[in-house]
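Now for the letters of each chain:
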Amino acid sequence: QVHLVESGGGLVQPGGSLRLSCAASGSIFSINGMGWYRQAPGKDRELVASITSGGNTNYADTVKGRFTISRGDAKNTVYLQMNSLKLEDTAVYYCVLHWGSSNYWGQGTQVTVSS
C-alpha cells in the first residue's frame, strides 16, 4: 500500500515563501514521477508542477519563475519551494505519485496567502 504524507503548508503574507514536502512510503519502485496539484475553493484541481523519474520538470504558467519542484535525497520524496506567493496561490496542495498506471494522492496541505 502506498502512503503519501505532505507537510509545510501554512499562512504566509503576499510575497512570502513556503516549502512543501512530500514523502511516499510503501513497496514502491521505479516510479514514473511525482508532482503537486492544488485546489482552491470552488475551483477544479489543477497541476502546479511535476517531475519525472529522469528529472524533467513541468510547471503551470501561473507559477513559472516562482515555484521550484525538486526531488529529495531520500527515496520517493519531493519538495515544492514556493516564492513570491500571491493571494491567488491560496489552495489545498496535494502531492501525487505516478506509478505504472496508478496515481496515489496525499491528504493535502493548506496554503493560505493573506495580508
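In what follows, the structure referred to is the one given above.
Just so we're clear, the structure is a prediction, and the values are computed from it rather than from any experiment.

Can you lay out the sheet that holds strand β1 (residues 3-7) for me, pointing to particular residues and giving the numbers?
One open sheet holds the 4 strands; their spatial order is β1-β3-β8-β7, and the pairing between them is antiparallel. Either end of the sheet is taken by a strand with one partner, and the two such strands are β1 and β7 (67-71). Neighbour to neighbour, the strand axes of the sheet diverge by 15° on average, direction disregarded. Where strand β3 (residues 18-25) and strand β8 (residues 77-82) come together, 6 bridges link them in antiparallel fashion. Opposite L20, over in β8, you have L80 as the bridge partner.

Describe the packing of aromatic side chains, and please don't skip the residues or the numbers.
Counted according to the given criterion, the structure contains 2 aromatic pairs. Ring centres 5.1 Å apart and planes at 70° place the aromatic pair Y37 and W105 in the edge-to-face group. A residue pair is termed long-range when its members are at least 10 positions apart, and Y37 in strand β4 (residues 33-39) and W105 in strand β10 (residues 102-105) qualify at 68 residues. Seen from their ring centres, W99 and Y104 are 6.4 Å apart, and the 40° between their planes marks the pair as tilted. The exposure class of Y104 is partly exposed, given its relative accessible area of 25%. The ring of Y94 carries the charged tip of R45 above its face, separated from the ring centre by 3.7 Å.

The rules behind each value
- Residues numbered from 1 in each chain as written.
- Predicted model: local features only at pLDDT ≥ 70, side-chain atom pairs only at ≥ 80, totals over all residues.
- Heavy atoms only, no water.
- Pairing = 2+ DSSP bridges.
- Helix = DSSP H or I, 4+ residues; strand = E, 2+ residues; numbered from the N terminus.
- Axes fitted to C-alpha atoms, helices over the stretch in contact; angles between N-to-C directions.
- Phe/Tyr/Trp six-rings, centres within 6.5 Å; stacked < 30°, edge-to-face > 60°.
- Buried < 20%, exposed > 50% of the residue type's maximum accessible area, 1.4 Å probe, protein only.
- Lys NZ or Arg CZ within 6 Å of the ring centre and 35° of its normal.

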